[in-house]
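# What the coordinates show
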Amino acid sequence: MSDQIKIPDNVILKVISGADQGKEFNVENKTISIGRSSACDFALSDKTVSNKHCQVVFRNDHFTVIDLGSLNKTKVNDKVYVQKNLRNNDVISIGKSKISFCWDDMDETVLEQLEDILGSDDDDSDAL
């Protein structure tokens with residue numbers, strides 16, 4: 001059990017606009033799937049969200065959102081990304097929904113040397 005990954009406490013995804021506004025999800029696992037499918041960890045009712053739209057993954061002391069080849073792409077702070085390392089209060093946009101990533105105790109120095117992967121609005125080559 002000592003090699004089990006410890007997920008930080010008090011990490012929350014909050015829907016701040018869209019069909020599920022007000023819905024919250026406590027991040028307690030290494031990988032959280034987000035989408036319209038009931039099989040997702042954080043299921044949304046927004047019809048413009050793909051069945052399996054994106055996932056939030058904890059790795060190396062930080063969280064990353066990864067687009068799963070969604071039709072409407074995944075944006076963080078209004079920029080399209082295939083993969084984006086998250087900071088406290090970043091806004092993830094999927095479909096017509098906006099989700100706030102909340103981690104008040106985050107150490108942002110961890111992100112200084114990590115790279116994000118930008119996507120393109122008019123090019124499908126960025127899909128995973």
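Residues numbered from 1 in each chain as written. Predicted model: local features only at pLDDT ≥ 70, side-chain atom pairs only at ≥ 80, totals over all residues. Heavy atoms only, no water.

### Considerations on the overall build of the protein
Looking only at helices and strands, the protein has 0 helices and 11 strands in total. Taken from N to C terminus, the helices and strands of the protein fall in the order β-β-β-β-β-β-β-β-β-β-β. With 128 residues in all, the protein has 44% of them scored as buried. The long-range fraction of contacts in the protein, counting pairs at least 24 apart against all pairs at least 6 apart in sequence, stands at 44%. Counting every atom, the protein has about 7300 Å² of accessible surface; 42% of that belongs to carbon and sulfur. (Helix = DSSP H or I, 4+ residues; strand = E, 2+ residues; numbered from the N terminus. Buried < 20%, exposed > 50% of the residue type's maximum accessible area, 1.4 Å probe, protein only. Contact = heavy atoms within 4.5 Å. Areas by Shrake-Rupley, 256 points an atom, 1.4 Å probe, with all protein chains shown as cover.)

### Brief notes about the pairing of strand β1 (residues 11-17)
Across 6 bridges, the pairing between β1 and strand β10 (residues 97-103) is antiparallel. Bridge pairing in β10 places V15 opposite I99. Pairing geometry for β1 and strand β2 (residues 24-26), over 3 bridges, is antiparallel. The residue of β2 that forms the bridge with L13 is F25. (Pairing = 2+ DSSP bridges.)

### Observations concerning the pairing of strand β8 (residues 79-85)
Of all 7 residues in β8, 6 are buried, a share of seventy percent or more. Judged from the 3 bridges that link them, strand β6 (residues 62-67) and β8 form a sheet pairing that is antiparallel. Bridging from a neighbouring strand, T64 pairs with N85 of β8. Here strand β7 (residues 74-76) runs beside β8; their pairing, made up of 3 bridges, is antiparallel.

Any link to function would need more than the numbers given here.
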